[in-house]
Amino acid sequence: MNNKPGIIKRIFSSLWRVLSFTRSIVVNLVFFILLFGFIGVISSGDEQVQVPDKTALVLNLVGDVVEQKREVDPMEAFLVEALEQQEDQPEILLADILDVIAKAKNDDRVEILVLQLQGLNRAGLTKLQDIAKALEDFKSSGKTIIALGDQFSQDQYYLASTANNIWLNPQGFMLLDGYGRYKMYFKSALDKLAINQHIFRVGTFKSAVEPFIRDDMSAAAKEANKLWLTDLWQQYKEDVAERRGFAIDNFDENIDTLVAKFSAANSSFAQYALDNNWVDQLKSRQEMRTELIDLVGKNKKGDSYSHIGYQDYIAATNSLLDESAADADSGSDKVAIIVAKGTILDGTQKPGTIGGDSTAKLLRQARLNDDVKAVVLRVDSPGGSAYASEIIRQEVELLKKAGKPVVASMGTYAASGGYWISAPADLIYAAPSTITGSIGIFGMMMTFEDSLSKMGIHTDGVGTTDMAGFGPTQALTPGMAKLFQLSINKGYQDFIQLVANNRNMTLAEVDSIAQGRVWSGKKAKELGLVDELGSLTDAVVAAANLAKLEHYDTLLIEKEQSSRSKIMQQILGKSSAVISFFATSQEHSSIDLTSNAVNNKPISQFIKMMKAELTQMNQFNDPQGRYTLCIACSAN
């Protein structure tokens with residue numbers, strides 16, 4: 001009996017010591033982070049990344065190419081960088097890539113550009129075409145581009161095809177497998193779980209809900225998807241064939257032809273790529289390194305060629321960007337650019353996702369800014385909430401009423417809700433490879449009364465109306481089902497009326513090309529859904545012309561960071577830089593020729609796919625349950 005209090009006391013005493021020790025570590029960690037940040041802030045400018053003379057700029061891109069980065073917590077970003085870890089889903093801003101290439105073109109220190117693309121993940125053909133155009137412009141200066149790697153994915157190779165020389169490791173891999181659209185279907189799984197799906201839609205080709213009501217792709221969806229996928233693949237083949245100087249039939253789309261060529265190449269993917277003129281030479285990493293040393297000389301360490309990486313080049317040149325931005329005349333006429341990237345959701349959303357309220361707020365800022373004379377709405381979205389799309393559309397109309405022309409510039413996607421918010425623009429620009437259309441609407445809900453009954457859980461009660469108590473634990477009544485379908489029908493009529501009013505079409509003409517069908521930008525222009533084929537730059541020029549501006553600056557309007565976030569980002573950013581300085585040598589670019597590929601392990605890829613599907617379902621938050629979303633609008 002006397003020992004029990006002593007044992008309990010010792011246990012709690014030990015726990016307290018552990019907690020105190022942990023608290024001390026955390027406090028000390030925060031202290032040193034702030035200390036490093038303070039040191040970094042007061043010493044900023046003393047230690048800057050320098051671009052070597054006679055060097056190679058290495059475009060070592062890691063992650064997804066995006067129009068707008070998602071918002072990342074400053075502490076999370078600091079820990080990732082300080083601990084030299086890789087982000088789960090790294091992103092690269094398209095505008096940064098284009099700016100780096102343009103600056104390198106006129107930078108006398110940069111003699112060659114090296115494409116090292118193993119880390120490049122998803123981009124979309126539209127963004128790839130923008131980057132390829134910039135690379136072709138880089139070559140117009142007389143400078144050379146060399147693409148090298150242990151392997152090339154299809155997206156990576158599209159950019160590599162712009163190079164003067166493409167080098168592949170003798171044990172490397174490369175296979176161009178075309179575009180496809182494959183999804184997971186859940187009907188049988190939902191049936192086994194006794195989950196009842198209730199689907200309301202308008203549009204023969206509106207296939208967004210098919211994974212929940214079928215175990216395979218419908219014939220109508222296959223027909224529609226095959227059309228735009230074939231269009232994109234044709235563009236891919238034409239672009240690559242022109243750059244590589246071979247016929248468009250050099251793409252092996254038949255498995256028997258591929259196997260025959262592969263066998264003739266001694267079952268080597270690298271030799272097959274060389275024989276097919278996909279690459280110019282097979283070189284080991286050491287051979288690549290040696291030839292690059294011959295071209296630009298050795299680095300300071302003397303163990304590789306002189307080079308600077310993509311991120312370091314941005315760090316070395318961004319001070320010049322800041323100065324030019326500061327010199328801009330704040331009172332000059334502006335063409336505002338507002339990026340609408342991601343799924344359209346109701347309410348206020350973080351960057352990387354479109355919020356009905358938050359994106360409308362940005363448009364309102366442009367309307368109330370006297371310096372802004374025209375607006376370009378850059379849309380890169382497969383759609384989402386119909387209500388949020390309408391809130392954004394209303395702000396576009398208010399801009400036009402205020403006498404400020406609006407030009408929609410479509411990126412990789414501008415479908416369903418993405419088209420809804422583009423339709424009222426004075427002009428619509430799209431890339432030939434933009435995925436657009438998908439003019440349709442659907443509603444979806446699940447009820448779990450049968451699932452719960454299997455577990456002995458039932459819902460019962462009384463209400464004063466037929467609608468009282470409606471929810472996911474009860475069966476959907478025929479009356480409520482009719483109510484929802486009528487709402488969806490009205491939403492579709494609103495959509496095609498919106499398009500008819502803004503595209504000078506009749507309802508019948510819009511309906512014939514709507515019904516949820518997806519089109520490429522090239523085909524959409526033929527159908528009258530877009531006005532011109534062109535880039536964001538073309539859209540900016542068009543907006544300025546509509547506003548009759550001869551001299552103007554562009555102004556990117558985006559969500560402003562809070563003062564607290566700015567301070568934390570600055571301190572933590574300087575901290576990671578100081579930590580990196582003490583942890584590494586003073587040579588900033590240590591890329592060499594090692595692979596920086598993203599995680600492509602099969603199980604990890606499967607988990608990512610499942611997570612993406614569940615995340616998309618969980619995002620649905622339209623207050624009326626009506627969605628104009630093109631889930632099919634991505635190629636894999």
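Fair warning: this is a prediction, and the values are worked out from it, not measured in the lab. (Residues numbered from 1 in each chain as written. Predicted model: local features only at pLDDT ≥ 70, side-chain atom pairs only at ≥ 80, totals over all residues. Heavy atoms only, no water.)

### Focus on the nonpolar core
To be explicit about the condition: Here, the term nonpolar core denotes a set of buried Ala, Val, Leu, Ile, Met, Phe, Trp, Tyr and Cys residues that are joined through side-chain atoms within 4.5 Å. Buried residues are those whose accessible area, probed at 1.4 Å on protein chains only, stays under 20% of the maximum for their type, while exposed residues exceed 50% and partly exposed ones sit between those limits. We call two residues in contact when some of their heavy atoms are within 4.5 Å.
Membership of the largest hydrophobic core comes to 63 residues, with the highest contact counts inside it found for L59, L135, Y157, L159, Y236, F251 and W278. Sequence-distant contacts of Y236, defined by excluding residues within four places in its chain, comprise L125, Q154, Y157, Y158, L176, Y179 and F251. One finds A388, L399, W420 and A500 within the second-largest nonpolar core, a separate group that totals 51 residues.

### Here's the deal with the environment of W420
Note the following rule: Helix and strand assignments follow DSSP, with helices taken as H or I runs no shorter than four residues and strands as E runs no shorter than two, numbered in order from the N terminus. The term polar contact refers here to a pair of N or O atoms within 3.5 Å; inside protein, the definition further demands a hydrogen-donor-capable atom paired with an acceptor-capable atom, and it admits residues adjacent in sequence only when both atoms are side-chain atoms.
Of note, W420 is situated in helix α15 (residues 417-420). Classification of W420 as buried rests on a relative accessible area of 4%. When the C-alpha positions of W420 and G437 are compared, they lie 9.2 Å apart, and in sequence the two are 17 residues distant. Residues within four places of W420 in sequence aside, it is in contact with A386, S389, E390, R393, G491, F495, L498 and T628. Within the local environment of W420, its side chain forms a polar contact with the side chain of E390, the two groups lying 3.2 Å apart.

### A word on the sheet that holds strand β6 (residues 165-174)
Worth spelling out the cut-off: Should DSSP find at least two bridges between two strands, the strands are taken to pair.
Spatially, six strands are ordered β8-β6-β5-β4-β1-β9 in an open sheet, and the strand pairing comes out parallel. Of all the strands in the sheet, the pair left with one neighbour each is β8 (281-282) and β9 (307-309). Judged from the five bridges that link them, strand β1 (residues 55-59) and strand β4 (residues 110-116) form a sheet pairing that is parallel. Looking at the pairing, T55 lines up with V110 of β4.

### Some details on the environment of S451
Within the secondary structure layout, S451 lies in helix α16 (residues 449-454). The sequence separation of S451 and K192 amounts to 259 residues, and the corresponding C-alpha distance is 9.1 Å. Contact partners of S451, with chain neighbours within four places excluded, come to L193, A194 and I195.

### Re the packing of helix α13 (residues 356-368) against helix α14 (residues 386-401)
Rules: Angles shown run from 0 to 180 degrees and are taken between the N-to-C directions of axes, each axis being a line fitted to C-alpha atoms and, for helices, limited to the stretch in contact. Oblique is the label for any angle not under 35 degrees, not over 145, and not in the 65 to 115 range, which are roughly parallel, roughly antiparallel and roughly perpendicular in turn. Charged residues are taken to be Asp, Glu, Lys and Arg, nonpolar residues to be Ala, Val, Leu, Ile, Met, Phe, Trp, Tyr, Cys and Pro, and polar residues to be all remaining types, Gly included.
α14 packs onto α13 with a crossing angle of 5° between their chain directions and a minimal axis gap of 8 Å. By the angle class used here, α13 and α14 are roughly parallel. On the side of α13, the interface is formed by G356, D357, T359, A360, L363, R364, A366 and R367, while α14 contributes A388, I391, I392, E395, V396, L398 and L399. Looking at the contact of α13 with α14 residue by residue, the classes come out as nine nonpolar, two polar and four charged.

### With respect to the pairing of strand β16 (residues 427-430)
Here three bridges tie strand β15 (residues 406-415) to β16, and the two strands are oriented parallel to one another. Opposite A408, over in β16, you have I428 as the bridge partner. Pairing analysis gives two bridges linking β16 to strand β20 (residues 532-533), with the strands arranged parallel. Bridging from a neighbouring strand, A430 pairs with L533 of β20.

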